[in-house]
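# Breakdown of the fold
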Amino acid sequence: MKSSNQSCSSDCVKRRGFLQTTAASVTMMLLADVFPGRVSAQDAGTEVPVVELSRQRIAKLSDLTKDVPIEFNYPSRALHTNCILYKLGTEAGGGVGPDADVVAFSARCTHMGGDLSQGYIAEHKLVGCGEHLTTFDLTRHGIMVAGHATERLPQIILELDGDEIFATGIVGLFYGYHQNPTAENN
Ligand code: FES
């Protein structure tokens, strides 16, 4: 006869496994809706809020140069809303353009808000934080690959309309916010 502890332990493990699988599946579905065809199981390790924000023109596709980042603020000029647009020259999750290589991310490290604007490592398509050396993979939705941060870098959702690149939302939360700012927050 099973003791109540054995039974609980077994049930708890099963329940935990079910919840983890469900959370990963839901995350993957959310990301798949936003980035059709470019989400792998590896990307679905954490719950990530996907938030639609105002539509804002960022740049012209034809003006971009490979490995030359462009800084912008989105969706307003509120604290910590500085972001960076990258033309990586290699296909990336959530990328737009004919080569799916144009992506954008928050420029604030998810560890303690370090500024990432000078941290692009073009050779490896990573961005690194000079504060405590966390690095994020820009080809895989900003997942953390080393360092102190525990959350991926918030990714800006991009749309291409002709030659114009627009931001329309964010996957994740800007550093320091419980709720993402809107265009009205300055
Ligand atoms: S603030 Fe970026 S690693 Fe600590």
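Residues numbered from 1 in each chain as written. Predicted model: local features only at pLDDT ≥ 70, side-chain atom pairs only at ≥ 80, totals over all residues. Heavy atoms only, no water.

Below, the discussion takes up the environment of Cys129. With respect to the helices and strands, Cys129 occurs in the loop between strand E6 (126-128) and strand E7 (135-137). Sequence separation of Cys129 and His148 is 19 residues, and the distance between their C-alpha atoms is 10.0 Å. Discounting residues that sit within four places of it in the chain, Cys129 has contacts with Cys109, Gly114, Leu116 and Thr134. (Helix = DSSP H or I, 4+ residues; strand = E, 2+ residues; numbered from the N terminus. Contact = heavy atoms within 4.5 Å.)

This part takes up the sheet that holds strand E4 (residues 102-106). An order of E1-E10-E9-E4-E3-E2 is seen for the six strands of this open sheet, with the pairing classed as antiparallel. With one partner strand each, in any of the chains shown, strand E1 (50-60) and strand E2 (70-73) form the two edges of the open sheet. Across the sheet, the axes of successive neighbouring strands diverge by a mean angle of 30°, strand direction being ignored. Pairing analysis gives five bridges linking strand E3 (residues 82-87) to E4, with the strands arranged antiparallel. Residue pairing in the sheet places Leu85 in a bridge with Ala104 of E4. (Pairing = 2+ DSSP bridges. Axes fitted to C-alpha atoms, helices over the stretch in contact; angles between N-to-C directions.)

Scored by pLDDT, the chain has a mean of 83; 74% of the residues are at 70 or more. Low confidence marks residues 16-29, where pLDDT is under 50. Its contacts with residues over four positions away, or in another chain, come to ten contacts. (pLDDT = per-residue confidence, 0-100.)

Along the chain, Tyr74 connects to Pro75 via a cis peptide bond; the corresponding omega equals -5°. Mapping Pro75 onto the fold places it in the loop between E2 and E3. Its identity as a non-glycine residue notwithstanding, His80 has a phi of 65°, on the positive side. Using a relative accessible area of 19% as the deciding quantity, one classes His80 as buried. (Buried < 20%, exposed > 50% of the residue type's maximum accessible area, 1.4 Å probe, protein only.)

Further remarks concern the nonpolar core. In terms of nonpolar packing, the biggest core is built from 18 residues, with Phe72, Leu85, Val102, Ile156 and Leu158 touching the most fellow members. Of all the elements in the fold, those that place two or more residues in this core are E1, E3, E4, strand E9 (155-161) and strand E10 (164-171). In contact with Leu158, not counting residues within four places along its chain, are Leu85, Val96, Val102, Val103, Ala104, Ile165, Phe166 and Ala167. With 16 residues, the next largest nonpolar core counts Cys109, Tyr120, Val127 and Leu138 among its residues. (Core = buried A, V, L, I, M, F, W, Y, C linked by side-chain atoms within 4.5 Å.)

Okay, the environment of Thr90 next. Along the chain, the position of Thr90 falls in the loop between E3 and E4. Taking C-alpha positions, Thr90 is 8.6 Å from Val102, a pair spaced twelve residues apart along the chain. If we skip the residues at most four places from it in the chain, Thr90 touches Ala100, Asp101, Lys125 and Thr139.

Quick look at the side chain of Thr135 now. Structurally, Thr135 is set in strand E7. When neighbours within four sequence positions are excluded, Thr135 is seen to be in contact with Ile121, Val127, Gly128, Ile143, Met144, Val145 and Ala146.

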